[in-house]
Amino acid sequence: MYEGEIPGGDLAGGFDMQATVESGQSYLWDRADGRMFEDDHAWGADAWYHTVLPASFTPSNEPAVLRARWTGDALEWESSSPNAPDLLTHLLRLDDDLDAIVARTPADPLLDRAYDTYRGMRLVRDPPFPCLISFICSAQMRVERIHGMQTRLAKAYGDTVAFDGETYHAFPTPEQLAAATESELRELALGYRAPYVQRTAEMVATGEATPEEALDTEYEEARDSLTRFVGVGDKVADCVLLFSLGYLEAVPLDTWIQTAIEEYYPDCDRGSYRETSRAIRAQFGGEYAGYAQTYVFFHLRTGGE
């Protein structure tokens, strides 16, 4: 086992592990105490979290277990990979300068309250295929149920990884998930999302389309590229762009952001998704609008005003 820590002093703007992985950005982490998404006011805890990276995402080309917790002074980690510091930096965007990002966000009372409450929350950079499947499953679902679906998929179809006397499950590869039948996926409580998941996995497994093809294209073109996948509309595409592919200007127009627009930014409601998206991105400062969106989303979802 490899272990170590990343000093908090190296993280510009601080860090909050719980807010980062329990804010509805990612459904690929879990807590050792089994309390993932149990607390609506999820920030500041020092619990141990773990995730399993797919082989395609690691230098060794083998699945890697990452365990980490924030102590208040440092990010402690344990892993099956010696590359854990680099992997954690990538996944949790520890290389982002939060102070600089907040400074470049327009002055706004709602944003100021959200940043003050959850300072240290970072965006995530999930592996593209698991992120895509997670958000296909997210429609009309609470965060704990979305997380449960991903956990069941990993246990049913993913590779097992033995680490430190425990057994972990990697998220299924496109090939593993494409081999599942719709009825089998429905048995895992995916409901009407089952055929979307199966067909999208098939598209990626056969090379018909991959989420990575959106990279290195302009933002709106990238969003259009992702909507080729079954079950992916503009909102899900924006989630994948923001929480996996690094398009920090993306603003998914989910229920909470629609509420924010209605109550705080009514002039941004332009009728269509595309035009409203352009308006709220400008309201949130453009380049880092996705950071602003995530703070506002979490602030409102946890009862902030």
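Preceding block: the structure.
The sections below set out a description of the structure shown in this document. (Residues numbered from 1 in each chain as written. Predicted model: local features only at pLDDT ≥ 70, side-chain atom pairs only at ≥ 80, totals over all residues. Heavy atoms only, no water.)

### Here's the deal with the state of the cysteines
Applying the stated criterion to the full structure yields zero disulfides. Sulfur of Cys131: no disulfide; nearest cysteine sulfur belongs to Cys239 and is 7.6 Å away. A relative accessible area of 1% places Cys131 in the buried class. The thiol of Cys137 is unpaired, and the distance to the nearest cysteine sulfur, on Cys131, comes to 11 Å. (Disulfide = S-S within 2.5 Å. Buried < 20%, exposed > 50% of the residue type's maximum accessible area, 1.4 Å probe, protein only.)

### Focus: the sheet that holds strand S4 (residues 64-70)
Neighbouring strands of a sheet are bound in pairs by backbone hydrogen bonds; such pairs are parallel or else antiparallel. Read across the sheet, five strands follow the order S1-S5-S4-S3-S2 without closing on themselves; strand pairing throughout is antiparallel. What marks the edges here is a single partner per strand, and that holds for strand S1 (2-7) and strand S2 (30-31). As paired strands, strand S3 (residues 49-53) and S4 are joined by five bridges and run antiparallel to one another. From the neighbouring strand, Thr51 faces S4, where its bridge partner is Leu66. (Pairing = 2+ DSSP bridges. Helix = DSSP H or I, 4+ residues; strand = E, 2+ residues; numbered from the N terminus.)

### Here's the deal with the pattern of salt bridges
For the structure on display, the rule yields 22 salt bridges. With a closest N to O distance of 3.9 Å, Arg69 and Asp46 form a salt bridge. With Arg69 in strand S4 and Asp46 in the loop between S2 and S3, this residue pair connects regions lying 23 residues apart in the sequence. Overall, the relative accessible area of 47% leaves Asp46 in the partly exposed class. Put simply, Glu208 and Arg199 hold a salt bridge, and the shortest N to O gap is 2.9 Å. For Glu208, a relative accessible area of 45% puts it in the partly exposed group. Given a relative accessible area of 27%, Arg199 falls into the partly exposed group. Beyond isolated ion pairs, a larger network of salt bridges with shared partners links Glu220, Asp224, Arg274, Glu275, Arg278 and Arg281. (Salt bridge = Lys/Arg side-chain N within 4 Å of Asp/Glu carboxyl O.)

### Structural notes on the packing of aromatic side chains
Applying the stated rule across the entire model yields eleven aromatic pairs. Look at Phe15 and Trp70: their rings are 5.6 Å apart centre to centre, the planes differ by 90°, and that puts the pair in the edge-to-face class. Of this pair, Phe15 sits in the loop between S1 and helix H1 (17-21) while Trp70 sits in strand S4; the two residues are 55 residues apart in sequence, bridging distant segments of the chain. Judged by its relative accessible area of 12%, Trp70 is buried. Ring geometry for Phe129 versus Phe171: centroids 6.3 Å apart, planes at 70°, classification edge-to-face. (Phe/Tyr/Trp six-rings, centres within 6.5 Å; stacked < 30°, edge-to-face > 60°.)

### Structural notes on the packing of helix H5 (residues 128-136) against helix H9 (residues 194-206)
For any two helices packed against each other, one specifies the crossing angle of their axes together with the interaxial distance. It is the contact of H5 with H9, at a shortest axis distance of 10 Å, that shows an interaxial angle of 160°. In this view, H5 runs roughly antiparallel relative to H9, as classed from their interaxial angle. Note that H5 runs across H9; the crossing there is right-handed. Counting all contacts with H5, which are made through Phe129, Leu132, Ile133 and Ile136, the residues of H9 involved are Tyr196, Val197, Thr200, Ala201 and Val204. Residue classes in the contact of H5 with H9 are distributed as eight nonpolar, one polar and no charged. (Axes fitted to C-alpha atoms, helices over the stretch in contact; angles between N-to-C directions. Parallel < 35°, antiparallel > 145°, perpendicular 65-115°, else oblique. Left-handed = near helix turned anticlockwise from the far one by under 90°. Contact = heavy atoms within 4.5 Å. Nonpolar A, V, L, I, M, F, W, Y, C, P; charged D, E, K, R; others polar.)

### Here's the deal with the side chain of Asp96
Its place among the elements puts Asp96 in the loop between helix H2 (84-91) and helix H3 (98-103). A distance of 2.6 Å separates a polar atom in the side chain of Asp96 from a polar atom in the side chain of Arg93. Beyond its immediate sequence surroundings of up to four residues, Asp96 is in contact with Ala12, Ile101, Arg122 and Tyr291. (Polar contact = N/O pair within 3.5 Å; in protein donor to acceptor, adjacent residues only side chain to side chain.)

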